[in-house]
Amino acid sequence: MQKIKSLMTRQGLKSPPESLSDLGAFESLRVPGKEEFRELREQPSDPQVEQELINSIEQVYFSVDPFDIVKYELEKLPPVLNLQELEEYRDKLKQQQAAVSKKVADLILEKQPAYVKELERVTSLQTGLQLAAVICTNGRRQLNIAKEGFTQASLGLLANQRKRQLLIGLLKSLRTIKTLQRTDVRLSEMLEEEDYPGAIQLCLECQKAASTFKHYSCISELNSKLQDTLEQIEEQLDVALSKICKNFDINHYTKVQQAYRLLGKTQTAMDQLHMHFTQAIHNTVFQVVLGYVELCAGNTDTKFQKLQYKDLCTYSSYTEQHVTPDSYIPCLADLCKALWEVMLSYYRTMEWHGKHDSEETAAASEGSNVMSTEETNFDRSYVKKKLEHGLTRIWQDVQLKVKTYLLGTDLSIFKYDDFIFVLDIVSRLMQVGEEFCGSKSEVLQESIRKQSINYFKNHHRIRLDELRMFLENETWELCPVKSNFSILQLHEFKFLEQSRSPSVSPSKQPLVTTSKPMTLFEQYCSAGNPFEIQANHKDEETEDVLASNGYESDEQEKSAYQEYDSDSDVPEELKQDYVDEQTGDVPVKSVSRETLKSRKKSDYSLNKVNAPILTNTTLNVIRLVGKYMQMMNILKPIAFDVIHFMSQLFDYYLYAIYTFFGRNDSLESTGLGLSSSRLRTTLNRIQESLIDLEVSTDPTATLTAAEERKEKVPSPHLNQLVILTSGDTLYGLAERVVATESLVFLAEQFEFLQPHLDAVMPAAKKPFLQQFYSQTVSTASELRKPIYWIVAGKAIDYEQMLLLMTNVKWDVKEIMSQHNIYVDALLKEFEQFNKQLNEVSKRVRIPLPVSNILWEHCIRLANRTIVEGYANVKKCSNEGRALMQLDFQQFLTKLEKLTDIRPIPDKEFVETYIKAYYLTENDMERWIKEHREYSTKQLTNLVNVCLGSHINKKARQKLLAAIDDTDRPKR
C-alpha cells in the first residue's frame, strides 16, 4: 500500500480522496475501480509498449513536491488552439494514464497475498490479547481469595521456622570458623612431613571456606594469614625443588610436581627447576675445586671463598699455586663425578615426565572434561619443550666449567700416563654429553684437542729421539718371545679387548646380554658413577710374553732333544727340534729319521721355536704405538695427528734398517733392480720429510728452516759393536736377519691394526692412511732383497771363480767327459755357505723366505758370473761350447742337492747364452734385439768368438751394429 501511495504521489495524487476531488473536471483521470483493474489486467497489452509509455511521462509528474497538474497542463497550451492537436494530446495522456493505472493494478494484485497474511496475523494477535485478559482476571480473583484465607498464626509459624534454619546455619559456620582457626597447626605438621600436596590442598580449601565467611571480622584476619601461609609453602616448595638437582628422588619429586599442579604453576615450576640446575652446576664445581684448593693450601682461609671459579682453577708455578699437579687428576675426577650427579638428576627428571605424561594421556582419554584435558596437554607440551631445550643448555654449562678447569693448568707438566688419564676422564665426560643431549661437545673437544696436539707433538719429538738412541745402541740381538706372542698380550693394547676405558673398575662394568650396548645413564642410573677412579689400579693379568733360550719351557727343550742324540747319521743341523712352519708348534714325541731327512735344506729354523723375530727396540716401538692408539682412542678428533706420528715411527725404523744394512750404491749397477721403484720412492720421501741430514749451527738460519728442522730427526748410526764385515759371521747375517725380520714383523702388526686405525680416522683423511699402508708398510718385506744381496755378494768368492774360468781351454777339438775344476770350486763355496748358514741358525732362526732369498741371490750371482766367464773366452770351438754345457749341467745337478729352490734362478740366463752359438745370422740378429738382459760385452764376445767360425766378416759387422743400437738407449 505504501508503494501505491508513493506511485500516486509521483503522479501528483496526494491521496485517493484528494485525487478524486482534483479530478472532478477530468473524468478520465479518476482512479479505476476494482472491476476496472480486472478489466485492465485482462486487456491484452504489450509490456514493452507500456514501459515506453511510462517512460514518456514527463519527469515533473514523478516529483515528490505537490503541484497543480491541471494548471500545469493549461499553461502548456499554445495561444492558438488546434482541436485535432488537443485531441491527440488528450489521447496520449489517456494512454499514459491507462499504462500507469495498469502498472498500479499489477503492483496491488502482487501484494494482495501479503496483505491477507498480515491481516490474519493481526486477527490472531487480537485473539491472544483477549485470552490474556481473561487469565489476568482469574489470577486476580484467586489472589484475593488467598489473601482473605491466610491467617496471622500461619505467618508466625513460618517466621519461627525460618529463624531456626538461620540459627542452624550459623552454628555450622561457627564450627567451620573454629576449624579454620586451628588449620595453621596442621599445615605446619604437613610441611614438616614434606606432604606439600596435602598442605596446599588444605590451604586452598581453607581459603575457599574463608571466602564464604568473609563477612565475619575474624575471618578477614584469617584469610590474610592463610595467604601468608600459602606463600611460605611456595618458598619451601622451591627449596624442595632445588634438592632434585643433586639427588633425584622419585617420591620426593612426585610430591613436588603434584603440589605445583595444585597451585596451577606447572610452567613456573619448570622455569624454576632450570634455574636451580644452572645454580647447582655453578655451586657444585665451585665447592669441589674450593675443597681441593684449601686442601692443597693446608688451611681453610676464607680468602679462597671470595675468589672466582676461574681464579680457583688457575695454576702457575710462578704465582700462587691453587690445585697442585698431584691433586689435579683427583680434583678433575671429583668434578666430573659431581657434574655427573647433576646431569643424572636431569636425565631422571626427563624420564619421570615421560612416564607420567603417558599415564596421564591414557587417563585423560577415558575422561570427559575437555577443557581440563586441553589445559593439561598445553602444560605437558610446554614442560616437554622446556626439558628438551634445557638438555643443551645444561651440557653447555658443564662444558664451560670443565673447560675453565682444564685451561687453568698447562697439561704439559704431566707425565704421559697422567695425561692419558686426564684425556680418559674428559673423553668419558664427552661420551656422557653425547648420550645426554646428542651434542658432539664442540667446546670441550676443541679445548682439549689444542692441548693434546701440543702435548703430543712434544711427546712425539722426545720419543723419536729416544728411538734414535735405541737404534744406535741396538746390537740386534734376538728378543726371546713365545711362539704364541701377540701384541694384544701387552698392557698397552689391552684397551682393544675392552669395551670401556681403564679408569673405571672392571667390577663396575655391567654385563650386557643384548646386542644393543647400554648407555652410561642406563648402566649407572641406580648406582655407581662412571668417573670413579680405582686407586693403584692394575691389570689382573701380567705380561707373560718372554721365553727362555727360545723355548716355551725347560720340559719342552728336553723333549725336543731326547730322541735325537742317538741319530749319528742325521746331519748335525737336523738334530734340532722339528718345528711346524704353519703353526710353530713343537711336538713332544720324537720325530722319525725319515721325516728329518726329508726336511728342506733351505729351512734353518729347526733349532728354535717358530717365535716372532724381534728386538727390544721393536718391542718398544710396538708399545709406543699402543700408547699412541690409547690417546687416539680416547680423543678421536686428533686421530689423524696421532696416526701421522705413528707412521713416522715406522718410517724412521724402516729408514734405519735400510741405512744400517741395505744401503749399497753398487747394487743398482748390477742391473737386477733389487730395490723397486716404490721402495726407492718411499725411502726418498722419508729422507726428505723426516731425516735431518744437516747438522747446522748457523745462527742466521731462517725461522722457517729452523722450524722445519725441529720436526726432523738426525739419521741414526749403526752401533760399533755390530760387525758386518766379517766373513766368519756371514757378514753379520744374524744381525741382518734380526733387524730385517723385526721390521717385517712390525709391518705385520701395523697391518693387524689397520682396521682399528681406519675406524677412527676421519673420512677426509683416510687417503693418507691408505697411502701409508700401500706405499710404506707394504714395502717392508722388499728390504730383504737389497739387505741379503750384500751377504750373498760377499759370501761366495765369485772373482776366484772367474780366475779359474780364464785358465780353462775352450778351443778343444774333442768332446770332453769330465767337467772343469772351477765347477767343483764353486760347489765347494756353496757347501761352505750352507754350513755357515747352519752356524748362524744356531744363534737366530732363519725363516724360510730369508733362506730362499739368500740362496736365490747366491745362485743368481753365480749364474751371472758363469755367463761373464764365458764372455771372457778368447777362443772357443764347438766342442768347447759343449764343454760349457757339461760344466753347467754338473753345477745344476750338484746344486739341486744342496737346495730345493725350484726353478733354479737365472738357469735360462746361462742356457740361453750357451745355445745362442748355434743360431744363424738372421736368427742371431733377432735374438740380440729380444735379449737385452745381456751386457754389450757379453753380446760382442758371443758374435766375435763363438760365431766367428760360421759367419763372415760382413755379417759380424752387421750384428755388432745391431748390438750398438740395442745398447744406445741404456746409455
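Residues numbered from 1 in each chain as written. Predicted model: local features only at pLDDT ≥ 70, side-chain atom pairs only at ≥ 80, totals over all residues. Heavy atoms only, no water.

Peer 1: Mind showing me how you'd approach the overall build of the protein chain here?
Peer 2: Broken down by element type, the protein chain carries 36 helices and two strands. When each of the 971 residues of the protein chain is scored for burial, the buried share is 42%. Relative to all contacts within the protein chain whose residues are 6 or more apart in sequence, the contacts with residues 24 or more apart total 78%. By element, 52% of the accessible surface of the protein chain is carried by carbon and sulfur atoms, the whole surface being about 53,800 Å². (Helix = DSSP H or I, 4+ residues; strand = E, 2+ residues; numbered from the N terminus. Buried < 20%, exposed > 50% of the residue type's maximum accessible area, 1.4 Å probe, protein only. Contact = heavy atoms within 4.5 Å. Areas by Shrake-Rupley, 256 points an atom, 1.4 Å probe, with all protein chains shown as cover.)

Peer 1: Just checking my understanding: could you explain the pattern of salt bridges for this structure?
Peer 2: Where charged atoms of side chains with opposite charge meet at close range, the side chains can pair. This structure, assessed with the given rule, holds 25 salt bridges. Its salt-bridge partner being Glu472, residue Arg468 comes within 3.5 Å of it at the nearest N-O pair. Residue Arg468 and its partner Glu472 are both found in helix α18 (residues 442-473); the two are separated by four residues, about one turn of the helix. Residues participating in the shared-partner salt-bridge network are Glu856, Arg860, Arg864 and Asp906. (Salt bridge = Lys/Arg side-chain N within 4 Å of Asp/Glu carboxyl O.)

Peer 1: Please clarify how helix α29 (residues 798-806) should be interpreted in this entry.
Peer 2: An α-helical turn contains 3.6 residues, so a residue and the one three or four places further along point in the same direction. Within the span of α29, buried status applies to Tyr798, Met801, Leu802 and Met805. When α29 is viewed along its axis, its buried side chains cluster within an angular range of 100° and face the same direction. Summarising the geometry of α29, the exposed residues directed more than 90 degrees from the buried face are Glu799, Leu803 and Thr806. Looking at the buried residues of α29, the elements they touch are α28 (784-795), α30 (821-841) and α31 (848-871). Two or three places before Glu799, at the opening of α29, Asp797 has a side-chain oxygen 3.4 Å from that residue's backbone nitrogen. (Arc of directions from axis to C-beta. Polar contact = N/O pair within 3.5 Å; in protein donor to acceptor, adjacent residues only side chain to side chain.)

Peer 1: What should I look at first to understand the packing of helix α22 (residues 616-634) against helix α23 (residues 639-662) in this one?
Peer 2: Relative orientation and spacing of two packed helices are given, respectively, by the angle between their axes and the distance between those axes. Viewed as axis vectors pointing N to C, α22 and α23 meet at an angle of 170°, and their least axial separation amounts to 9 Å. The orientation of α22 with respect to α23, classified from their angle, is roughly antiparallel. Two secondary-structure elements touch here, α22 through Thr617, Thr618, Val621, Leu624, Val625, Tyr628, Met629, Met631 and Met632 and α23 through Ala639, Val642, Ile643, Phe645, Met646, Leu649 and Tyr653. Each residue belonging to the contact of α22 with α23 can be placed in one class, and the counts come to 14 nonpolar, two polar and no charged. (Axes fitted to C-alpha atoms, helices over the stretch in contact; angles between N-to-C directions. Parallel < 35°, antiparallel > 145°, perpendicular 65-115°, else oblique. Nonpolar A, V, L, I, M, F, W, Y, C, P; charged D, E, K, R; others polar.)

Peer 1: What am I meant to see in a nonpolar patch on the surface here?
Peer 2: Taken together, Leu74, Leu77 and Leu81 make up a surface patch of nonpolar side chains, about 270 Å² in accessible area. When you line up the elements, Leu74 lands in helix α5 (residues 69-75). (Patch = residues over 30% accessible without salt bridge, like charges linked within 9 Å, V, L, I, M, F, W, Y side chains within 5 Å.)

Peer 1: Explanation requested: the confidence of the model for the protein chain in the structure shown.
Peer 2: Mean pLDDT over the protein chain works out to 77, with 76% of the residues at or above the 70 mark. Ranking the elements of the protein chain by mean pLDDT puts helix α2 (residues 16-22) last with 39 and helix α26 (residues 733-760) first with 93. Per-residue pLDDT stays below 50 along residues 535-541; that stretch engages in six contacts with residues further than four places along the chain or on separate chains. In the predicted structure, residues 550-602 sits below a pLDDT of 50 and forms 86 contacts with residues beyond four places in sequence or in another chain. (pLDDT = per-residue confidence, 0-100.)

Peer 1: Would you mind going over the nonpolar core with me for this structure?
Peer 2: Note that soluble globular proteins tend to have their nonpolar side chains buried in a common cluster. In this structure, Val289, Tyr405, Phe650, Leu733, Phe830, Tyr870 and Phe891 are the most contacted members of the largest nonpolar core, which totals 218 residues. Element by element, the count of residues in this core is highest for α23, at 16 residues. Look past the residues within four positions of Tyr870 in its chain and what remains in contact with it is Met805, Trp810, Tyr822, Met884, Asp887, Phe888, Val910, Tyr913, Ile914 and Asn941. Core analysis: the next-biggest nonpolar cluster, separate from the first, contains seven residues, Ile57, Tyr61, Ile69 and Val100 among them. (Core = buried A, V, L, I, M, F, W, Y, C linked by side-chain atoms within 4.5 Å.)

Peer 1: Help me understand the packing of aromatic side chains, please; the structure alone is not making it clear to me.
Peer 2: The geometry of an aromatic ring pair is captured by the separation of the ring centres together with the interplanar angle, meaning the angle of the planes. Inspection of the entire model under this criterion finds 33 aromatic pairs. With a centroid separation of 6.3 Å and an interplanar angle of 90°, the aromatic rings of Trp340 and Tyr524 are classed as edge-to-face. Here Trp340, found in helix α15 (residues 325-366), pairs with Tyr524, found in the loop between α19 (520-523) and α20 (554-561); they are 184 residues apart in sequence, far enough to count as distant. Residue classification places Tyr524 among the buried positions, given a relative accessible area of 5%. (Phe/Tyr/Trp six-rings, centres within 6.5 Å; stacked < 30°, edge-to-face > 60°.)

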